[in-house]
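Report on the structure
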4 protein chains.
Amino acid sequence: MPIRALVWNEFRHERENETVRSIYPDGIHAVIAAALAETPDFQVSTATQDEPEHGLPQERLDQTDVLLWWGHKAHKEVSDTVVERVAARVHQGMGLIVLHSGHFSKIFKRLMGTPCSLRWREAGERERLWAVNRSHPVVQGVGPSIDLPNAEMYGEPFLVPEPMETVFISWFEGGEVFRSGLTYQRGAGRIFYFRPGHETYPIYHNPDIRRVLNNAVRWAYNPAPAWEDVAAAPNVPVDKAPEKIEQRGPALHRPGEEGFR
Amino acid sequence: MPIRALVWNEFRHERENETVRSIYPDGIHAVIAAALAETPDFQVSTATQDEPEHGLPQERLDQTDVLLWWGHKAHKEVSDTVVERVAARVHQGMGLIVLHSGHFSKIFKRLMGTPCSLRWREAGERERLWAVNRSHPVVQGVGPSIDLPNAEMYGEPFLVPEPMETVFISWFEGGEVFRSGLTYQRGAGRIFYFRPGHETYPIYHNPDIRRVLNNAVRWAYNPAPAWEDVAAAPNVPVDKAPEKIEQRGPALHRPGEEGFR
Amino acid sequence: MPIRALVWNEFRHERENETVRSIYPDGIHAVIAAALAETPDFQVSTATQDEPEHGLPQERLDQTDVLLWWGHKAHKEVSDTVVERVAARVHQGMGLIVLHSGHFSKIFKRLMGTPCSLRWREAGERERLWAVNRSHPVVQGVGPSIDLPNAEMYGEPFLVPEPMETVFISWFEGGEVFRSGLTYQRGAGRIFYFRPGHETYPIYHNPDIRRVLNNAVRWAYNPAPAWEDVAAAPNVPVDKAPEKIEQRGPALHRPGEEGFR
Amino acid sequence: MPIRALVWNEFRHERENETVRSIYPDGIHAVIAAALAETPDFQVSTATQDEPEHGLPQERLDQTDVLLWWGHKAHKEVSDTVVERVAARVHQGMGLIVLHSGHFSKIFKRLMGTPCSLRWREAGERERLWAVNRSHPVVQGVGPSIDLPNAEMYGEPFLVPEPMETVFISWFEGGEVFRSGLTYQRGAGRIFYFRPGHETYPIYHNPDIRRVLNNAVRWAYNPAPAWEDVAAAPNVPVDKAPEKIEQRGPALHRPGEEGFR
């Protein structure tokens, strides 16, 4: 069974800014999709923000195993309905890889529950991502560190929950550090935040970065069937209790009534 | 310096249901507030949902160290504006204690990023909360377990993120289990979810439950000054970088420009 | 590439106690090995405590991907040398599945750093293991809970570190609860503790338990090459620093000297 | 009630090396103890490795709330008996602060269960510790970062378990990063690892470092009474089960018999 990866991109800078277009003429999504297509059992497609429903109708998400998300200047224009739809699919088991400036996307903030804020500087400085666990699936095929000659700086504090695992920590020439690779589990879904990816540098052309993206898709894939009623809160009636019990005392709900939510 | 605890209650069942009123004639909030008032250095007040702004205007929250939240049938009527206001204060350092059916409150789901769903049964069955760490501050003064003769059942799976600490796990007569005491850190704020509290049983009159509530307020209190700009993402200009660097390569943002969000 | 699973058993009760022998005539290891052999790409073998070096010479461990450990009455007789050898292999990436009374094995205590103590009762009572995350790889093919008609009780508090994930929580007829499935990462190795397995009941003949064991072997398998120098603390000399720096100030170590340990 | 802090030091370099002696003429422990004595409710004492029982007889540890540990060249000479004694006290609730080269101490490796290895360089380079959570109790009174003009470098990967919280991450002039402040809970005891402290630089004279040490002692202090039987695994006989049950099926242990360990 192939893993169905969907690369989502805001796709604005590439159409508006000459520098970005020169690096990503067909959009960041096209370059990432090409990187993923190097893995034979990945089935890769793309979607962009200005398509109807941002290219993410329900049936599309239902057929997606892992979603990659790149957004920046138009976070606010993403529809809340679509955000809830994506969050629900993550809870059901879809993997999600949030890239770079996606830290401030609605979907990432929605799933983290925190501000997801950080410090930043766009100076083309050197970045070095250190692998904290060299044996982590996401790090395979990459050396002890990844060096990027030009990068936007993101600095701590990064306001996210403690992760399940810290996979990468970045060093920046200008003196800051950042937790650049973090894993989370939310419901049945796995989430990987991966920092690199500023649009004015050819980050997604870097072979190590492409390797990490491929690894991350495989890591985030949950082969279990979608947990469709993950958000339901079913009543377990007295006569269906695993152990025999009898109704005692006063009750607010009538038999068979649904719970409040 | 006293710890300023604010007990928030939906306060509907007590006014509408005779059984609930007989247990909590002045409201669940009144009984919890009385429990907290037993601790000399707590300064306790209450607020209810049907007050203007749900009793939670900004200045009130700014003067609150720990907020306790009981809601059930009217979660949906809580204003999103107030939910965001509370979330922001938690990120800045306010403690939050979410009680019982508050698992489905907007504020808890907002901070967890998950469905917060569970299974339930209202049969007045026996519950026993086991302390997983007997030396945890929240458990002090309570024995190895707390026995409740009549309780609503909540059963796993409970769809929340892995907690910082599992403090209590419940056994139910009908055969289920539940993680009944969980701690989280979100931004500068500490969160404690505490399961007991069904409105048709006198749970908040139980001395052990009252002790846990008192302990939890102290545990959730962060004496650090409010982290007011916790959600800001300030630019660190090149000439303010901790290490001397020079601007290199192309940039999207002009000097001094704000970031996107 | 097959996954090489090695089932290790103390193998004393089966030779000394008629009840245990009647359930496991060839030893618990034989039954578990047969369960794992149902998965085509597993290559399964066994070792027992009374073999030379407990059946765990270095070359054997070097060719093991996942080790399963069942011990009880002879924990103290396990050689410290072998324990260190196993711990080193886990740090390098070998998976480890610790079963039932293995909670008090030297290797589990060595890797947890805590007492690993608990409460217990051998009364043949009912146990029900609830899956906390139904989409976890370890839980696939098993329903929302696993019911065991007769089990030894283990009760909280269970003195282990907070796990990476709580996978199962047990309900016991006698009123206790227990975190029965817990995951850990230690170095490059994944560890799964799985509670069921008392020797006087046919636990490892139960299809659900067998499914979990198979799932757990796959989950614990780390395909990355062994991290052989995981315990080394190499010096990075000044002229090999990623960034150009110059030696400054006093130093304790002479150039090229090894660090203390 | 004062908090009883005990500063433990190997105290070899200061007696053997002129550079170290010039910075710490009475030993590193004396300088740290003086730093802690600035807090009125701390009751501070010291112990060194070459005292009988390393200055850590049982009764001394029983009267210690928080132990600070500095060791380096003589880790191997620390008695295993004393290490087990300290570990047992941590499990019972004593706080432990492990400093700098103590990452390779027997007690830290004992409590972590991992190699605790890292990369290092002694070049007097610049270090900057970034606070990941500015509102954490350990960070109070310190700015967003602590700058050290001369430090030994420690680099990732640092082979420790995922922490409860990452409090500090260090940037090094030579290009590496390190998780320099990490919290753990083991049994009833809290552990803080704090990286700075190389003996050839006046690190413990730095006011920010002294502030962190004071904060860490308060954070690590557990006011709960010592959990004396934390390592015991008591049998709960059938007639003492919280729920009424009857003995069923075969049993290995006779009534009242102790468990194996």
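So, here is what we can say about the structure in this document. A quick note: this is a predicted structure, and the numbers were derived from the prediction, not measured. (Residues numbered from 1 in each chain as written. Chains lettered and ligands numbered in written order. Predicted model: local features only at pLDDT ≥ 70, side-chain atom pairs only at ≥ 80, totals over all residues. Heavy atoms only, no water.)

1. Section: the packing of helix 3 (residues 28-36) of chain D against helix 7 (residues 207-220) of chain D
Residues and elements named next belong to chain D. Definition in use: Every axis corresponds to a line fitted to the C-alpha atoms, with the helix fit spanning only the stretch in contact, and the corresponding angles, defined between N-to-C directions, vary from 0 to 180 degrees. By definition, any uninterrupted DSSP run of H or I lasting at least four residues is a helix, any uninterrupted run of E lasting at least two residues is a strand, and each is numbered from the N terminus. Each angle is binned into one of four classes, with values under 35 degrees roughly parallel, values over 145 roughly antiparallel, values of 65 to 115 roughly perpendicular, and all other values oblique. Working rule for contacts: check all heavy atoms of both residues, and any pair within 4.5 Å makes them a contact. Residues are grouped as follows: Ala, Val, Leu, Ile, Met, Phe, Trp, Tyr, Cys and Pro are nonpolar; Asp, Glu, Lys and Arg are charged; all remaining types, including Gly, are polar.
Close contact between helix 3 and helix 7 brings their axes to 9 Å; oriented N to C, the two are set at 70°. With respect to helix 7, the element helix 3 is oriented roughly perpendicular. Contacts from V31, I32, A34, A35 and L36 of helix 3 reach helix 7 at R210, L213, N214 and V217. Along the lines of polarity and charge, the residues of the contact of helix 3 with helix 7 split into 7 nonpolar, 1 polar and 1 charged.

2. Some details on the sheet that holds strand 5 (residues 119-131) of chain C
All names here are of chain C. Put simply, the rule reads: Two strands are counted as paired when DSSP detects at least two bridges linking them.
Strands sit in the order 2-1-3-4-9-8-7-5-6 across an open sheet of 9 strands; the sheet is mixed. This sheet does not close on itself; its edge strands, each paired only once, are strand 2 (42-48) and strand 6 (145-155). Averaged over neighbouring strand pairs, the angle between their axes works out to 25° when direction is ignored. Bridging between strand 5 and strand 6 involves 8 bridges; their strand directions are antiparallel. For E127, the partnering residue across the bridge sits in strand 6 and is L148. Together, strand 1 (3-9), strand 2, strand 3 (66-70) and strand 4 (95-99) form the strand contacts of helix 3 (residues 28-36), whose direction differs from that of strand 1 by roughly 160°.

3. Overview of helix 7 of chain D
Residues and elements named next belong to chain D. Heads up, the condition is: Between the first and last residue of a helix there are one fewer steps than residues, each counted as 1.5 Å, and that sum is the expected span. Each residue is assigned to one of three classes by its accessible area relative to the maximum for its type, calculated with a 1.4 Å probe on protein chains only: buried under 20%, partly exposed between the two thresholds, exposed over 50%. Any pair of N or O atoms that falls within 3.5 Å is considered a polar contact. Within protein, one atom must be able to donate a hydrogen and the other to accept it, and sequence-neighbouring residues count only if both atoms are side-chain atoms.
Over its 14 residues, helix 7 extends 20 Å from the first C-alpha to the last, a length consistent with the 20 Å expected when each residue adds 1.5 Å. Of all 14 residues in helix 7, 10 are buried, a share of seventy percent or more. Burial in helix 7 covers these residues: I209, R210, V212, L213, N214, N215, A216, V217, W219 and A220. Of the residues flanking the start of helix 7, the one acting as N-cap is N206, its side-chain oxygen 2.7 Å from the backbone nitrogen of D208.

4. With respect to the pattern of salt bridges
Keep this limit in mind: The salt bridge definition used is simple: a Lys or Arg side-chain nitrogen within 4 Å of an Asp or Glu carboxyl oxygen.
By the definition in use, this model includes 80 salt bridges over all chains. Here D80 of chain B makes a salt bridge to K106 of chain B, at a shortest N to O gap of 2.8 Å. Residue D80 of chain B is located in helix 5 (residues 80-92), and its partner K106 of chain B is located in helix 6 (residues 106-112); the two are separated by 26 residues in the primary sequence. For D80 of chain B, a relative accessible area of 53% translates into the label exposed. Overall, K106 of chain B belongs to the partly exposed group, its relative accessible area being 23%. Here the residues in one salt-bridge network are R126, R128, D147 and E173 of chain A, R248 of chain B together with E243 of chain C, joined through shared partners.

5. Some details on a negative patch on the surface
The cut-off we apply is this: What makes a patch is a set of residues exposed beyond 30% relative accessible area and free of salt bridges, joined within 9 Å when like-charged and within 5 Å when nonpolar (Val, Leu, Ile, Met, Phe, Trp, Tyr). Shrake-Rupley sampling with a 1.4 Å probe provides the accessible areas, and residues are treated as covered by the protein chains on show and by no other component. In this charge count, Lys and Arg are treated as positive and Asp and Glu as negative; neither His nor the chain ends contribute. Each charge is placed at NZ for Lys, CZ for Arg, CG for Asp and CD for Glu.
The grouping of E59, D62, E228 and D229 of chain A at the surface amounts to a negative patch. Within the secondary structure, D62 of chain A is located in helix 4 (residues 58-62).

6. Quick word on the relation of the copies chain B and chain A
Note the cut-off: In superposing the copies, a least-squares fit is computed on C-alpha atoms, taking residues whose pLDDT is at least 70 in both.
Screw-axis analysis of chain B against chain A gives a translation of 0.0 Å along the axis, an RMSD of 0.0 Å, and a rotation angle of 180°. Look at the turn and shift together and you get a two-fold axis relating the two. Within chain B, the C-alpha atom positioned nearest to the axis of rotation is that of G113 of chain B, 2.6 Å from it. Taken together, the interface assignments show that 100% of the residues at the interface of chain B recur at the interface of chain A, consistent with an identical surface on both copies.

7. A short note on the interface of chain B and chain A
Going by this rule: Put simply, buried area is the surface a 1.4 Å probe can reach on two separate parts but cannot reach once they are joined, added for both.
Taken residue by residue, the interface counts 67 residues in chain B and 68 residues in chain A. Summed over both sides, the interface between chain B and chain A buries roughly 5,600 Å², with carbon and sulfur atoms accounting for 59% of that surface. The largest share of the area that chain B buries against chain A comes from W120, R248 and R261 of chain B, three residues that together contribute 14% of it. Across the chain B-chain A interface, the total number found is 2 salt bridges. One salt bridge in this structure joins E173 of chain A and R248 of chain B, with 3.0 Å as the shortest N-O distance. Between chain B and chain A we count 31 residue pairs in polar contact (both at pLDDT 80 or more) in total. Tallied by class, residues from the side of chain B that touches chain A come to 30 nonpolar, 19 polar and 18 charged.

8. Things to note about the interface of chain C and chain D
Taken together, the 68 residues of chain C in the interface contact 68 residues of chain D. The largest share of the area that chain C buries against chain D comes from W120, R248 and R261 of chain C, three residues that together contribute 14% of it. Our enumeration of links across chain C and chain D arrives at 2 salt bridges. At the level of secondary structure, the elements contributing two or more residues to the side of chain C that touches chain D comprise helix 2 (18-23), helix 6 (106-112), strand 5 and strand 6 of chain C. The leading source of residues in the side of chain C that touches chain D is strand 5 of chain C, at 8 residues. Taken together, the residues of the side of chain C that touches chain D sort by class into 30 nonpolar, 20 polar and 18 charged.

From the geometry alone we can't say anything about function, so treat these as descriptive.
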